[in-house]
Amino acid sequence: MASPSLTSIRSNCRKVICIGRNYADHVTELNNQRPKQPFFFLKPPSSILLPNEGPVLRPSGVTLHFEIELALVIGKTVRDLHTDDDADVLQYIDHYLLAIDMTGRNVQNEAKKKGLPWSIAKGFDTFLPVAGPVGKEQVPDPHDVELYLKVNGEVKQEDSTGLMLFRIARQLSDISKVMALEKGDIVLTGTPKGVGPVTTGDVMECGMRVGGKEVEEARMRVEVKDKGGKYEFAET
């Protein structure tokens, strides 16, 4: 069966669910508490940026951070799942993507301090660059994938998905007990350590390796530019 295009994946995506704090060293680097169970937040599908659509746009006053992640494209409805079996959940995954969860870190920090939602920090247009799709046959084990991200040629993130605190079976189980995962939804599985800032003129290059070999479909190169316009971050 032919792989869907990224354009169709975006148009069929009704929600993007993101697992937070799912790598121990990333929890530590942001001085967060290690979660006792998976927690998640949403990004709008309108934040998805496809290859060759242009740069990530940094809104005025926003400290922009990158977070590399393995993403799942859901292939069929998941509701009230309860399993710890890695193999059991593969049936619900249609394809994989490489994704960068762009984050307005100062916006998020203010929201965390005041107990406000993270939607603004995570939801700007262009804040979800993706590459792929990567077929399931190319990823025999989604917990044995090396993710990396470089900024201006310097490696910033490079770790294995085997370091996830909560594996994919637990993620999908916990999400689906709260809200049904529907065909076309995208799940971001968390980011490893090394997140940091980018600004206008920077170039991010990232990818994934399976068995030490580069997955060509997942290569991504995206620039950062100032957004302009009327929005400017101000304290709530």
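What counts and how
Residues numbered from 1 in each chain as written. Predicted model: local features only at pLDDT ≥ 70, side-chain atom pairs only at ≥ 80, totals over all residues. Heavy atoms only, no water. UniProt positions renumbered as here; feature names shortened; annotations may be inferred. Salt bridge = Lys/Arg side-chain N within 4 Å of Asp/Glu carboxyl O. Helix = DSSP H or I, 4+ residues; strand = E, 2+ residues; numbered from the N terminus. Buried < 20%, exposed > 50% of the residue type's maximum accessible area, 1.4 Å probe, protein only. Core = buried A, V, L, I, M, F, W, Y, C linked by side-chain atoms within 4.5 Å. Contact = heavy atoms within 4.5 Å. Pairing = 2+ DSSP bridges. Axes fitted to C-alpha atoms, helices over the stretch in contact; angles between N-to-C directions. 1 Å grid on protein atoms, 1.4 Å probe; cavity = no way out; pocket = protein on both sides within 12 Å on 5 of 7 lines; lining within 4 Å. Points joined across faces, edges and corners; volume = space filled by probe spheres on them. Nonpolar A, V, L, I, M, F, W, Y, C, P; charged D, E, K, R; others polar.

Per an unreviewed UniProt entry, the protein chain is named Fumarylacetoacetase-like C-terminal domain-containing protein, and its organism is Friedmanniomyces endolithicus. The UniProt entry for the protein chain carries this comment under Sequence similarities (unreviewed entry): "Belongs to the FAH family."

**Student:** Go over the pattern of salt bridges with me, naming the residues and quoting the values.
**Tutor:** Inspection of the entire model under this criterion finds 20 salt bridges. Note that Glu67 is salt-bridged to Arg105, the shortest N-O span being 2.8 Å. One end of the pair, Glu67, is in the loop between strand S5 (64-66) and strand S6 (68-74); the other, Arg105, is in helix H4 (residues 105-114), with 38 residues separating them in the sequence. You'll find Glu67 and Arg105 in the same group, each marked buried.

**Student:** Help me get a handle on the nonpolar core, residues and values and all.
**Tutor:** Soluble globular proteins tend to bury their nonpolar side chains together. Leu98, Ile100, Met102, Leu172, Met204 and Met208 are the most contacted members of the largest nonpolar core, which has 49 residues in total. Sequence-distant contacts of Met208, defined by excluding residues within four places in its chain, comprise Leu70, Leu97, Leu98, Val134, Val145, Glu146, Leu147, Tyr148, Lys213, Glu214, Val215 and Ala218. Counting residues in hydrophobic clusters, the runner-up holds 18 residues, among them Ile9, Val16, Ala99 and Ile186.

**Student:** Provide a residue-level description of the sheet that holds strand S8 (residues 103-104), including the pertinent values.
**Tutor:** Overall, antiparallel pairing links the 3 strands, which are arranged S8-S5-S13 in an open sheet. The outermost strands of the open sheet, each flanked by one partner alone, are S8 and strand S13 (196-198). Of the pairings in the sheet, the one linking S5 to S8 comprises 2 bridges and is antiparallel in character. Residue pairing for S8: Leu64 is matched across the bridge by Gly104.

**Student:** An account of the sheet that holds S6 is requested, with residue identities and associated values reported.
**Tutor:** Note: strands within a sheet are paired through backbone hydrogen bonds, in either parallel or antiparallel orientation. Sheet architecture is open: 7 strands sit in the order S2-S1-S12-S6-S7-S9-S3, paired in mixed fashion. Edge strands, defined here as strands with exactly one partner in the open sheet, are strand S2 (39-43) and strand S3 (48-49). Where S6 lies against strand S12 (residues 186-188), 3 bridges are found, and the strand directions are antiparallel. Opposite Ala71, over in S12, you have Leu188 as the bridge partner. Running at roughly 125° to S12, helix H6 (residues 168-178) makes contact with strand S1 (16-20), S2, S6, strand S7 (93-100) and S12 of the sheet.

**Student:** Which residues make up the UniProt feature "domain: Fumarylacetoacetase-like C-terminal" (unreviewed entry) in the protein chain, and what are the values?
**Tutor:** Following the UniProt record, the feature "domain: Fumarylacetoacetase-like C-terminal" (unreviewed entry) maps to residues 15-209 here. Annotated as residues 15-209, this span is 18% helix and 35% strand, and its ends, taken at the C-alpha atoms, are 27 Å apart.

**Student:** Explain the layout of surface pockets residue by residue, including any values.
**Tutor:** What the largest pocket holds in volume is close to 190 Å³. Along its surface, the largest pocket is lined by 13 residues, and Pro51, Asn52, Gly54, Arg221 and Val222 are the ones closest to its centre. Going through the elements one at a time, strand S9 (128-135) and strand S16 (220-226) are the ones with two or more residues in the lining of the largest pocket. Per-element tally for the lining of the largest pocket: the top contributor is S16, with 4 residues. When grouped by side-chain class, the residues that make up the lining of the largest pocket number 8 nonpolar, 2 polar and 3 charged.

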